[in-house]
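Listed below are the residues making up each chain.
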Amino acid sequence: MKIFNFYKCFSLGKNKNNEKTSNKDIDNESSNKVSNSAFSEEELERNLYFKVFENLDKNLLNQNSIELYGEGTNITVNGRSRYGHVKIKLSLSTKSNSEIIWNISREEEIPTVYRESVIKAAQRFIDFFDYERKDLKKLNFEIIGGSNHPINSDFLAFEAATLNAIYNSFDKNLHQPNLALVVNKKLS
């Protein structure tokens, strides 16, 4: 949607020098204002994730030694079924950069097709961690397990399960995984 400068429209298409202003000029000016003032999609997404992580315990986040384990699920069985299950470990890195580490031995746990969703949520948390910690320490975000359903798993379920695992690692009351519905065996 384009926003027009209504003042120019009401001044009968004249500019400051009392010259005629074409519709093309008005259109160009208004589109420049919209593109210059709007956040990029990346910035909007980053801000949304930062709001999601705002409730995490900042004292725990800023400790000198961090080793947190979390398990997250996103399992719904009514309406459109969804299934995602992720286990993580968060620890301070000894390296100069943060890393996302896949420590899963079997493809059946989290198939490659859903890893992008897990990585997206993990990277946003690393961005938040770097923003909150001013001491330049880095984070290892390790994926240590999970499970999927051959029919009901999807990208959003794994992204939400990763966010829930982060919540669970900081406070078990923020997210309690529904382990009764977790797929424990390989389905044929």
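Refer to the preceding data block for the structure.
Residues numbered from 1 in each chain as written. Predicted model: local features only at pLDDT ≥ 70, side-chain atom pairs only at ≥ 80, totals over all residues. Heavy atoms only, no water.

K.L.:
Looking at this structure, how should I read helix α3 (residues 41–53)?
P.N.:
Residues spaced three or four apart along an α-helix point in a common direction, a consequence of the helix completing one turn every 3.6 residues. Counted at 1.5 Å a residue, the expected span for α3 with its 13 residues is 18 Å, and the 19 Å between its end C-alpha atoms agrees. Among all positions of α3, only Tyr49, Phe50 and Phe53 are buried. One side of α3 carries all its buried residues, which in axial view fall inside an arc of 105°. Those residues of α3 that are exposed and aimed more than 90 degrees away from the buried face are Glu41, Leu48 and Lys51. (Helix = DSSP H or I, 4+ residues; strand = E, 2+ residues; numbered from the N terminus. Expected span 1.5 Å × (residues − 1). Buried < 20%, exposed > 50% of the residue type's maximum accessible area, 1.4 Å probe, protein only. Arc of directions from axis to C-beta.)

K.L.:
I'm lost on the packing of α3 against helix α6 (residues 155–170) in this one. Help?
P.N.:
Relative orientation and spacing of two packed helices are given, respectively, by the angle between their axes and the distance between those axes. The geometry of α3 relative to α6 is characterised by a closest axis approach of 11 Å and an angle of 40° between their N-to-C directions. By the angle class used here, α3 and α6 are oblique. Across the interface between the two elements, Tyr49, Val52 and Phe53 of α3 pack against Glu159, Leu163, Ile166 and Tyr167 of α6. (Axes fitted to C-alpha atoms, helices over the stretch in contact; angles between N-to-C directions. Parallel < 35°, antiparallel > 145°, perpendicular 65-115°, else oblique. Contact = heavy atoms within 4.5 Å.)

K.L.:
Help me understand the packing of aromatic side chains in this model?
P.N.:
To describe a pair of aromatic rings, one takes the distance between the centres and the angle between the planes. Scanning the entire structure with this criterion turns up 10 aromatic pairs. Measuring from centroid to centroid gives 5.5 Å for Phe53 and Phe128, while their planes differ by 45°, and the two rings are tilted. Of this pair, Phe53 sits in helix α3 while Phe128 sits in helix α5 (residues 112–132), placing them 75 residues apart in sequence. What makes Phe53 buried here is its relative accessible area of 0%. Looking at Arg115, its charged tip hangs above the ring of Trp102, at a distance of 4.4 Å from the centre. (Phe/Tyr/Trp six-rings, centres within 6.5 Å; stacked < 30°, edge-to-face > 60°. Lys NZ or Arg CZ within 6 Å of the ring centre and 35° of its normal.)

Geometric descriptors of this kind do not, in isolation, establish any biological role.
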